[in-house]
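Residues per chain are reported as follows:
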Amino acid sequence: MNNISIILVDDEPAHNALVRRNLIKCGLANEIIPLSSGQQLLDFIFTEGKYKNQPLPQKILILLDINMPGITGIEVLKTLKTNAISCHIPVIIFTTSDDPAEINTCFRLGCNAYLVKPVEHHQFVEKIQELGRFLALTQIPYATT
Amino acid sequence: MIALATMTVVYVVLWQTAIEQKKADLVHIAQSQARLIEAIARFDMRHNRIDWETPIGERGPTSLLSQRAGADTFSQIVDAHKHYKGFGLTGEIVIAGIEDSQIRFLLRHGSQIFSESKSIPFDAKLAEPMRRALSNLSGTMVGLDYDGTEVLAAYEPVDVLNLGIVAKINFLEVKQPFIKAGAITLAITLGIILLGGLFFRFLASPIAQQIIDSENKFKNLVENISEWIWEINLAGDILYSSPQTKKILGFTINTYPGTQLFQFINPPEKPKAVASFKLCIINKQPLIALKCSFIHKSGQLVHIELNADPIFDENNSVIGFRGVGHDISERVAKDDQLRLYQETLELRVRERTEELEQINTEMRNFAYIISHDLRSPLVSITGFIGELKEDIELIRKYSENHDNSSELTEALNERIPESLYFINSATEKMNHLIQSILMLSRAGRREFHFEPVNLAEIVKNTLDSFAYQIDHFNVSVKVGDLPTLITDQLAMEQIIANLLGNALKYLSSERNGVITIFTEDSGQQSIIHIQDNGRGISATDLPHIFELFKRVGKQDVSGDGMGLTYVQTLVRRLGGKISCTSTLEQGSQFSFSMFNQAEVAKK
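Residues numbered from 1 in each chain as written. Chains lettered and ligands numbered in written order. Predicted model: local features only at pLDDT ≥ 70, side-chain atom pairs only at ≥ 80, totals over all residues. Heavy atoms only, no water.

Regarding the environment of B:Arg35
Residues and elements named next belong to chain B. We apply this condition: Put simply, DSSP H or I for four residues or longer makes a helix, DSSP E for two residues or longer makes a strand, and each gets a number counted from the N terminus. Residue contacts are defined here by distance: any two heavy atoms, one from each residue, within 4.5 Å place the two residues in contact. Here a polar contact means two N or O atoms within 3.5 Å. Within protein one must be a hydrogen donor candidate and the other an acceptor candidate, and residues neighboring in sequence count only if both atoms are side-chain atoms.
Mapped onto the fold, Arg35 is located in helix 1 (residues 2-46). Among all residues touching Arg35, those that are not within four sequence positions of it are Glu156 and Pro157. At 3.1 Å, the side chain of Arg35 and the side chain of Glu38 are in polar contact. Within the structure, Arg35 has its side chain in polar contact with the side chain of Glu156 (distance 3.4 Å).

Regarding the sheet that holds strand 5 (residues 113-116) of chain A
All names here are of chain A. Put simply, the test is: Strands were regarded as paired on the criterion that DSSP finds at least two bridges between them. All axes are obtained by fitting lines to C-alpha atoms, using only the stretch in contact for helices, and the reported angles, taken between N-to-C directions, cover 0 to 180 degrees.
Taken together, 5 strands build an open sheet; the order of strands is 2-1-3-4-5 and the sheet is parallel. The sheet terminates laterally at strand 2 (31-35) and strand 5, the two strands that pair on one side only. Neighbouring strand axes in the sheet, compared pairwise and without regard to direction, differ in orientation by 20 degrees on average. Pairing analysis gives 5 bridges linking strand 1 (residues 5-9) to strand 3 (residues 60-64), with the strands arranged parallel. Opposite Ile6, over in strand 3, you have Leu61 as the bridge partner. Strand contacts of helix 2 (residues 38-45): strand 1, strand 2 and strand 3, with the helix running at about 150 degrees to strand 1, the strand carrying the most contacts.

Brief notes about the confidence of the model for chain A
Note the following rule: What pLDDT expresses is the predictor's confidence in each residue, scored from 0 to 100.
Per-residue confidence for chain A gives a mean pLDDT of 85, with 93% of residues at or over 70. Confidence, read as mean pLDDT per element, is least for helix 5 (residues 121-137) of chain A in chain A (79) and greatest for helix 3 (residues 73-81) of chain A (94).

What to know about the confidence of the model for chain B
The predicted coordinates ought not to be read in detail in places where the model reports low pLDDT. All names here are of chain B. When pLDDT is averaged along chain B, the result is 81; 89% of the residues meet or exceed 70. A low-confidence stretch, residues 59-66 stays under pLDDT 50, and its non-local contacts, those more than four residues away or across chains, total 22 contacts. Within the model, the stretch residues 598-603 combines pLDDT values under 50 with 7 contacts to residues more than four positions away or in other chains.

A few points about the nonpolar core
In plain terms, the rule: Among buried residues, the Ala, Val, Leu, Ile, Met, Phe, Trp, Tyr and Cys ones that are joined through side-chain atoms within 4.5 Å form a nonpolar core. Summary of the burial criterion: residues with accessible area below 20% of their type's maximum are buried, those above 50% are exposed, and those between are partly exposed, where the area comes from a 1.4 Å probe applied to protein chains only.
Among the nonpolar cores identified, the biggest contains 42 residues, and B:Met492, B:Ile495, B:Ile496, B:Leu499, B:Leu500 and B:Phe592 are the most heavily contacted of them. For this core, the leading source of residues is helix 12 (residues 489-505) of chain B, giving 8 residues. Once residues within four sequence positions are removed from consideration, B:Ile495 is found in contact with B:Val567, B:Leu570, B:Val571, B:Leu574 and B:Phe592. Judged by nonpolar contacts, the second largest core, of 27 residues, contains A:Leu42, A:Phe44, A:Ile60 and A:Met68.

Considering helix 1 (residues 13-25) of chain A
All names here are of chain A. Counted only if it meets this: To estimate how far a helix should extend, the number of its residues minus one is multiplied by 1.5 Å.
Taking 1.5 Å of rise per residue, 13 residues should cover 18 Å, and helix 1 covers 18 Å from first to last C-alpha, within 8% of that figure. What helix 1 keeps buried is the set Ala14, His15, Asn16, Leu18, Val19, Asn22 and Leu23. Within two residues after helix 1, Gly27 carries a phi angle of roughly 95 degrees, on the positive side.

Focus: the layout of surface pockets
Residues and elements named next belong to chain B. Note the threshold: The pocket and cavity definitions rest on a 1 Å grid over protein atoms only: a 1.4 Å probe that fits but cannot leave marks a cavity, an open set with protein on both sides within 12 Å along at least five of seven lines marks a pocket, and residues lining either have an atom within 4 Å of a point. Grid points are joined across faces, edges and corners, and a volume is the space filled by probe spheres set on the points. Classes in brief: Ala, Val, Leu, Ile, Met, Phe, Trp, Tyr, Cys and Pro nonpolar; Asp, Glu, Lys and Arg charged; the others, Gly included, polar.
Each pocket or cavity is described by its volume, and for the second largest pocket that value is around 830 Å³. Asn502, Lys505, Tyr506, Arg535 and Val552 are, among the 42 residues lining the second largest pocket, the residues nearest its centre. With 8 residues, helix 12 is the largest single contributor of residues to the lining of the second largest pocket. Looking at the lining of the second largest pocket, its residues break down into 16 nonpolar, 15 polar and 11 charged.

Here is the structure:
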């Protein structure tokens, strides 16, 4: 079994709920931590703010939305990938935007995968199932902290 | 006047000559008569007929005629005179002596002989010539005779008889021919003057008038045209300056020696002006459009354009310039204003462009944000509809086994699926619209890559992709010569695909489709036409075809109302324009222009 903790970062709780439901449906038993903003994620990763003194799970994978109020997903990605503590954490961008410019930016900043959220339900489910298969096979390195 | 003066001089000379002549004649007559009488008297005296002892003055009043000898002598003289014809009309020989202190006239011989005696006092004013003769004087004079007539007379004493003889002629008679001649001369002179006057009036005068007229005309021209006309010598001295300067500069330039053209030029510009003139002297060329400021009487600067032709001497060296000055202040002011307007306009255009660019950017971002932000809730809606569907399916399966309530069955089997269906199709439609906006905003945002694009190839590839429709509907497609454009390959493919797609999509069911693609090259740009004989667009719909989500005409063909808006956006971004002409039930023609130069298209 996989002991990876999946962190969902989306300002839309419905999306987090949909992702979570479908991940569970396709058989993943991983720990799922839903967060609602970029700041929350950074606090969580760098154990600051309300996550102070809360130990980080050993293996983390981040599913990150881009269009969020406050700190955007792009900025979060940049911060994570330029910091020695967090630069190994795999980040999968999962957003509604399919703008090539945006996709390019994300890969340039070091995202590990870019998934467009399909509006169609069955496509969405398929995507999550793909993600699930991907996670089942992927070896995630341990978090350094 | 000269004629008159000459005539007068001639007349005076002639007059004097005639008088002298007449005087000589009279003297001759008087003297010859006197000598004759003396001779006769001496002859008589020898025969003792005259008392010679008593001097004339003392012989007494009767002595002359009472004396025998004297009488004899005298009668002889009278006889002699009877054979003498006299002279002239008024010519007279008068013989007189002194008797009792009176001048006693003995004989008057004119045209007739009067021998009756007549006396006048010796000291009377009359008979001055005779008095002189009797006073033993001889000579000529103009004076009054015994009748008081003005006469020209020669007087001579007759010694022997103590008589006096006067030959005289009326002065009037002497004058007569001269008065006549004078009158004739005067008449001729006046005639000549009159003739001269007439000649001048009728012949010379019109010529002179013409000369005066043309001179006036020239003068008027020079002085009334708006140009200032001037002439200078090599030293720059003004030789002529027309009065226009009064209007242009507020003063007239007096052409005193040493008045320099350059002294009226704004000092800082003087060297430039002098240099220009010097260059013209060296090159023997006209001075063309030298613009310089002159100083107005008020001190203001007046912009004047000078044009001049050099004046050459016989050695073909420049000795001066003749030219015109034209007041271009108004033009300069207008130019300045125009420049100001231009600058202002440029500034405003720049500002407006910046504003528009900013708005454009905002609009793009707006479309982008909208499309993304709308997508997000849509994902949730469709996502949970999907979830619900699955859950309802689950419930339906279970309820079939446990509860056969017809109402629940109906809700689960019909009403809920129907509701979900409508919600779903609505969200699908919404998704489609958002997709379209997103695509459009992307067309506005995408970076174009300009390169030579073979339009013929694009059209061929596009037609290949439509091969099924073309075959199926038996459409004939005519493709003319198409250019290679410097443009964005992808954008051009999209434009052509949309326009050709529309032409195929909206064919008329009543006839075989004909689609024609051809180009017009206007040098600066190419205009590409895509013409069809399809169903056409009504005049009321035509203005709206490029509007977003607008679908016009019969809605029997699927479409998103996006295509033409998208095409228009692309054409505009490529620097072109698109237009459409169409007649309902006859066909449409879409035309778009592309600049032939890449630079123009690049924005």
